[in-house]
Amino acid sequence: MARCHRNDVGSIVLDRPSTTAHSRLWSSFSGASFRRLIFDAVSCGASSRYRHRHETDAAAPPAPAPASPPAGSTVKQSKEPEKAKPKPKSEKLSDLLNLAAEWSEAESDEVTKKKVEALEELKRVARELQVEDDAVEKRREAASHVRLLAKEDSEARATLAMLGVIPPLVGMLDDSDDVDAQIASLYALLNLGIGNDVNKAAILQAGAVHKMLKLIESPNSAVSEAIIANFLGLSALDSNKPIIGSSGAIPFLLKILKNLDNTISSQAKQDALRALYNLSIFPSNVSYILETDMIPFFFNALGDMEMSERILAILSNMVSTPEGRKAISSVRDAFPVLVDALNWNDSPGCQEKASYILMVMAHKAFGDRQAMIEAGVVSALLELTLLGSTLAQKRASRILECLRVDKGKQISQNFGGSGAVSAPICGSSSSSTNPNLGSKECLEEDEDMMSDERKAVKQLVQQSLQSNMRRIVKRANLPQDFVPSDHFKSLTSSSTSKSLPF
C-alpha cells in the first residue's frame, strides 16, 4: 500500500513499489529545478533577470544524479534555498536627482538672498527720507530713488508705502527753495499710485492735493506738468473725485487748457482733459465745472481734432444732469456745432458722442428739439443712419423717432385734434380718368412746394434705393448692363420712407 510523506522542500512523494525506470525518471528532477521551471513559465515575459539566471544554470555542468532510493523507503531530499542576488542600483539616475535637488536649493537660496537685499535697500531709502535734519540733498536723492524703484515694480510700491515713505514725500512739497526736490517728490508720489488704490487714498489723506495747489503758481512748467499728472492718477479713484473736485483743481486744469503762450506741452493738455473727464463722472463736480466758463470754451475748441473727442466725452457726462443740459442749450451755436460733428465721417468716436448728447437733450426738452431742427439736424441724422457706425446709427434713429412723434403732435394740433386727416386730392377731375397724369401733376406740385430739407431727404432715399438695387443685381449675378424696368424707376422716383419725420 502506498504511503504519503512530505519532504523537506515541500514536495509530495508517493512510496509504492517502484520499478527501475520510474525511480530513474523521478530522481532526474530536483525540487529546486522544478520550482524554477514553474516560475519561469508563469512570469510575465520571462524577465531578463530570471532568464539570465536560467541560462547560467543551463550552462553549468549537470550535477550527478542521486542514487535511487530503495524500494519501500521514504525519499528525503533537502536543499538550502538560494539566496537572491542584490539588485543593482542606477547610480546615474540617483546622481541626477541629487544634482537637481542641489540646484533647486541653490536657486531658492539665491532668490531669497536677492529678496532680502531688495528689502534692505527699501528700508535704507525709507530711513533716508525720514531723517529730520536739514539734509535736503540726501532726501532729494532718496525721492529720486523711490521714483525709480516704484516705476515698474508693484511689490516695491506696496512695500515702500508700508515703510512710511508717503508722508515725508508729501512734506517735501512745502520746500519752496528746492524745485528739483519738489519735482522728484511729485513723480515719486505719481509712481507710488500707479495701479495701487490704497496708495492713492493714502496720498490724498496725507494732504497732497492742497499742497500741490499751492505750487500751481510756480514759474517752472515742469512742476505744473507733474501736478497735472498726479491729478490724473489720483482722480481715477472714485473716492478721490469729490475731494479733488471741491479743492479748486478744476479751474487750474481749465487754465492749463487755455494756455496760450505754449509753455505747456500737448501731453500735459491731454492729461488735463483726461483728469477733467474723470472728475466730470461724479455728479457733484458738475456744479464746480459750471462755475467756470468751461462749456463755452469747449464748444469753441471743438474744431481741434486732437481734443474734440475728449471734449465731447466730458459733455456726455455733463448732459446727464439738468444743470449740464441747461448750460449746453444756453450756449450760442451749440446745436449747429454738434450737428456739424455728426458729419465727421473720419471720426466715428466724435459722431457717437455727439449723437449721444443730442439724443439725451432731444428726449428731455421740447425747446431743444426745435433748436435741433432749425440747425438742420434731420439731414445729418439721415446720413448718419446710412453711413455711420452701428452705435451712431441706433442713436440717430432714436433721435429721428423722437422728432417724428413731436411732428405728429404738431400736425394733430393744427387740425384741431380731429379724427383722421384725408389725403389731399391732386389735379382736376380729369385725373380720375387718367391716373398717371394725375400722379405726375401731384409730384410736380410736391416738388414745387417741397422745402430744401425734404428735397435732401428725398435725394438720400433715392440714393439708398439705387444702391440697394445695385447690390441685389450683383448678388443675383445679373449682367452688368442690366437696366431696371420703367416700373422700378417710377418706384425709386416716388417712394419715401414712412418712418421719416418729414
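Not measured: the values here are computed from a predicted model. (Residues numbered from 1 in each chain as written. Predicted model: local features only at pLDDT ≥ 70, side-chain atom pairs only at ≥ 80, totals over all residues. Heavy atoms only, no water.)

Q: Tell me about the overall build of the chain, residues and numbers included.
A: Secondary structure assignment for the chain yields 27 helices and two strands. If you take every contact in the chain between residues at least 6 apart in sequence, the share linking residues at least 24 apart comes to 66%. Accessible surface, the chain: about 31,300 Å² in total, of which carbon and sulfur atoms supply 54%. (Helix = DSSP H or I, 4+ residues; strand = E, 2+ residues; numbered from the N terminus. Contact = heavy atoms within 4.5 Å. Areas by Shrake-Rupley, 256 points an atom, 1.4 Å probe, with all protein chains shown as cover.)

Q: Can you tell me about unusual backbone geometry, naming the residues and giving the values?
A: Of note, Asp333 is a non-glycine position whose phi angle comes to about 60°, a positive value. Within the element layout of this structure, Asp333 appears in the loop between helix 18 (322–329) and helix 19 (334–342).

Q: Could you give an account of the confidence of the model for the chain, naming the residues involved and the relevant values?
A: Looking at the chain, the pLDDT average stands at 74 and 61% of residues meet or exceed 70. Every residue in residues 63–84 scores below 50 in pLDDT, and together they form 19 contacts with partners more than four places removed in sequence or on other chains. (pLDDT = per-residue confidence, 0-100.)

Q: Run through the environment of Ala341, naming residues and quoting values.
A: Within the fold, Ala341 resides in helix 19. The class of Ala341 is buried, set by a relative accessible area of 0%. Along the primary structure Ala341 and Gly303 are separated by 38 residues, whereas in three dimensions their C-alpha atoms are 8.9 Å apart. Dropping the residues within four chain positions of it, Ala341 is found in contact with Gln351 and Ala354. (Buried < 20%, exposed > 50% of the residue type's maximum accessible area, 1.4 Å probe, protein only.)

Q: Break down empty space enclosed by the protein for me, citing the residues and quoting the values.
A: Scanning all chains against the criterion turns up one cavity of 30 Å³ or more. By volume, the largest cavity amounts to about 40 Å³. Around the largest cavity, the lining residues are Leu342, Asn343, Asn345, Gln351, Ala380, Glu383, Leu384, Leu387 and Gly388. In terms of residues, the lining of the largest cavity owes the most to one element, helix 22 (residues 377–387), which gives four residues. Across the lining of the largest cavity, the residue classes break down as four nonpolar, four polar and one charged. (1 Å grid on protein atoms, 1.4 Å probe; cavity = no way out; pocket = protein on both sides within 12 Å on 5 of 7 lines; lining within 4 Å. Points joined across faces, edges and corners; volume = space filled by probe spheres on them. Nonpolar A, V, L, I, M, F, W, Y, C, P; charged D, E, K, R; others polar.)

Q: Can you tell me about the packing of aromatic side chains, naming the residues and giving the values?
A: Per the counting criterion, the structure on display carries two aromatic pairs. For the ring pair Phe297 and Phe298, a centre distance of 6.1 Å and an interplane angle of 45° mean the geometry is tilted. Assigned by exposure class, Phe297 and Phe298 land together as buried. Just above the ring of Tyr187 sits the side chain of Arg147; from NZ or CZ to the centre is 4.5 Å. (Phe/Tyr/Trp six-rings, centres within 6.5 Å; stacked < 30°, edge-to-face > 60°. Lys NZ or Arg CZ within 6 Å of the ring centre and 35° of its normal.)

Q: Can you tell me about the packing of helix 19 against helix 20 (residues 348–364), naming the residues and giving the values?
A: At a minimum axis distance of 8 Å, the contact between helix 19 and helix 20 shows a crossing angle of 135°. With respect to helix 20, the axis of helix 19 lies oblique. Read as a crossing pair, helix 19 and helix 20 show a hand that is left-handed. Every residue of helix 20 that contacts helix 19 at Phe335, Leu338, Ala341 and Leu342 is listed here: Gln351, Ala354, Ser355, Ile357, Leu358 and Met361. Residues of the contact of helix 19 with helix 20, tallied by class, amount to eight nonpolar, two polar and no charged. (Axes fitted to C-alpha atoms, helices over the stretch in contact; angles between N-to-C directions. Parallel < 35°, antiparallel > 145°, perpendicular 65-115°, else oblique. Left-handed = near helix turned anticlockwise from the far one by under 90°.)

Q: Go over the packing of helix 11 (residues 221–234) against helix 13 (residues 249–257), please, and point to the residues and values.
A: Packing of helix 11 against helix 13 leaves a shortest axis separation of 11 Å and a crossing angle of 125°. If you check the angle between helix 11 and helix 13, you find them oblique. Here the hand of the crossing between helix 11 and helix 13 comes out left-handed. On helix 13, the residues that touch Ser224, Ile227, Ile228 and Phe231 of helix 11 are Ala249, Phe252, Leu253 and Ile256. Tallied by class, residues from the contact of helix 11 with helix 13 come to seven nonpolar, one polar and no charged.

Q: Any details on the pattern of salt bridges? Residues and values, ideally.
A: Going through the model one piece at a time under the given rule, you end up with eight salt bridges. We note a salt bridge from Asp238 to Lys241, for which the minimum N-O separation is 2.9 Å. Taking relative accessible area as the criterion, Asp238 reaches 54% and is therefore assigned exposed. A relative accessible area of 4% places Lys241 in the buried class. (Salt bridge = Lys/Arg side-chain N within 4 Å of Asp/Glu carboxyl O.)

Q: Mind laying out the side chain of Asp368, listing which residues take part and the relevant values?
A: For Asp368, the position within the fold is in helix 21 (residues 366–374). Once residues within four sequence positions are removed from consideration, Asp368 is found in contact with Ser329, Phe335 and Met361.

Q: How would you explain the nonpolar core if you had to name every residue and give the values?
A: Counting 99 residues, the largest nonpolar core has Leu169, Phe231, Leu253, Phe298, Phe299, Leu315 and Val377 as the members making the most contacts within it. In terms of residues, this core owes the most to one element, helix 20, which gives eight residues. Once residues within four sequence positions are removed from consideration, Leu315 is found in contact with Ile295, Phe298, Phe299, Ile328 and Ile357. (Core = buried A, V, L, I, M, F, W, Y, C linked by side-chain atoms within 4.5 Å.)

Q: Any details on helix 6 (residues 154–162)? Residues and values, ideally.
A: When we look at burial in helix 6, the residues that qualify are Ala156, Arg157, Thr159 and Leu160. One side-chain oxygen of the residue at the start of helix 6 lies 3.2 Å from the amide nitrogen of Glu155, identifying that residue as Asp153. (Polar contact = N/O pair within 3.5 Å; in protein donor to acceptor, adjacent residues only side chain to side chain.)

Q: For helix 5 (residues 136–149), give the residues involved together with the corresponding values.
A: Given 3.6 residues per helical turn, the α-helix brings residues three or four places apart onto the same face. With 14 residues, helix 5 should cover 20 Å at 1.5 Å per step; its first-to-last C-alpha distance of 20 Å lies within 8% of that length. Among the residues of helix 5, those classed as buried are Ala142, Ala143 and Val146. Angularly, the buried residues of helix 5 cover 105° about the axis, an arc narrow enough to put them on a single face. Every exposed residue of helix 5 that faces more than 90 degrees away from the buried side is listed here: Glu141 and Leu148. (Expected span 1.5 Å × (residues − 1). Arc of directions from axis to C-beta.)

Q: So what about the environment of Glu374? Which residues, and what values?
A: Assignment of secondary structure puts Glu374 in helix 21. Classification of Glu374 by relative accessible area gives exposed; the value is 71%. Through-space distance from the C-alpha of Glu374 to that of Pro336 is 8.8 Å; in sequence the pair is 38 residues apart.

Q: Give me the lowdown on the environment of Leu213, citing residues and values where you can.
A: Relative to the elements of secondary structure, Leu213 occurs in helix 10 (residues 208–213). The class for Leu213 is buried, based on a relative accessible area of 15%. Sequence separation between Leu213 and Ala249 is 36 residues, and the spatial gap between their C-alpha atoms is 7.1 Å. Excluding anything up to four places from it in sequence, Leu213 contacts Phe231, Ser247, Gly248 and Ala249.

Q: Which residues make up the side chain of Gln270, and what values go with them?
A: Along the chain, Gln270 turns up in helix 14 (residues 266–280). Judged by its relative accessible area of 19%, Gln270 falls in the buried class. Those residues in contact with Gln270, other than ones at most four positions away along the chain, are Glu306, Met307 and Arg310.

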